Amino acid sequence: LTQYPAIVNKVNVQIIKDRWERLQAPDSHGNMAPHKHTFKRIGPNRPYAHVQGEKRRNTSMKFDVQSGFRNLDILKTTQTGFVDFHSDRYRSLPDATDRLLGTSVD
């Protein structure tokens with residue numbers, strides 16, 4: 001953006017990280033161990049970062065940065081009670097000391 005301002009005024013960069021773990025396989029003695037060069041992708045959730053930069057003539061450079069997870073599913077099975085929260089006409093759940101809590105983030 002600063003080296004070629006006459007021809008470039010905007011840039012978008014998106015990085016998505018795939019997470020990998022070693023596959024477990026039997027070694028020469030039959031014991032399960034991490035394989036030296038075989039992997040499997042962990043998912044489906046994937047961390048990401050998205051950066052957009054813009055520079056217009058006679059203005060300072062502006063950046064917008066976003067990051068998070070895509071396809072992240074969360075489930076909490078205990079200690080997720082909702083008690084003594086604000087009540088109004090939009091509240092649909094009654095007080096409970098324990099309940100399941102699940103959500104998906106994209």
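Keep in mind it's a predicted model, so treat the numbers as computed, not measured.

1. Details of the overall build of the protein chain
Working step 1: When its secondary structure is counted, the protein chain shows 0 helices and 7 strands.
Working step 2: The secondary structure elements of the protein chain, listed N-terminal to C-terminal, are β-β-β-β-β-β-β.
Working step 3: At 24 Å, the protein chain has a C-alpha radius of gyration far larger than the 13 Å of a compact globule built from 106 residues.
Working step 4: Taking the principal axes of the C-alpha coordinates as reference, the protein chain spans close to 65 × 60 × 15 Å.

2. A word on the layout of surface pockets
Working step 1: In this structure, the largest pocket spans a volume of roughly 150 Å³.
Working step 2: Considering the residues around the largest pocket, the lining is formed by Pro5, Ala6, Ile7, Val8, Asn9, Lys55, Arg56 and Arg57.

3. Section: the pattern of salt bridges
Working step 1: Counted under the stated rule, the structure contains 5 salt bridges.
Working step 2: Close ionic contact of Asp18 with Arg46 constitutes a salt bridge, the shortest N to O distance being 2.9 Å. Residue Asp18 is found in the loop between strand E1 (10-16) and strand E2 (19-26), and its partner Arg46 is found in strand E4 (residues 46-54); the two are separated by 28 residues along the sequence.
Working step 3: Take Asp18: its relative accessible area is 26%, and that puts it in the partly exposed class.
Working step 4: The partly exposed category is assigned to Arg46, whose relative accessible area is 29%.
Working step 5: Close ionic contact of Glu21 with Lys40 constitutes a salt bridge, the shortest N to O distance being 3.6 Å. Placement of the pair is Glu21 in strand E2 and Lys40 in strand E3 (residues 32-42), with a sequence separation of 19 residues.
Working step 6: By relative accessible area, which is 35% here, Glu21 ends up partly exposed.
Working step 7: With relative accessibility at 41%, the residue Lys40 sits in the partly exposed group.
Working step 8: Three or more residues are tied together by salt bridges with common partners; here these are Asp18, Arg41 and Arg46.

Calculation notes
- Residues numbered from 1 in each chain as written.
- Predicted model: local features only at pLDDT ≥ 70, side-chain atom pairs only at ≥ 80, totals over all residues.
- Heavy atoms only, no water.
- Helix = DSSP H or I, 4+ residues; strand = E, 2+ residues; numbered from the N terminus.
- Rg over C-alpha atoms; globule rule 2.2 N^0.38 Å.
- 1 Å grid on protein atoms, 1.4 Å probe; cavity = no way out; pocket = protein on both sides within 12 Å on 5 of 7 lines; lining within 4 Å.
- Points joined across faces, edges and corners; volume = space filled by probe spheres on them.
- Salt bridge = Lys/Arg side-chain N within 4 Å of Asp/Glu carboxyl O.
- Buried < 20%, exposed > 50% of the residue type's maximum accessible area, 1.4 Å probe, protein only.

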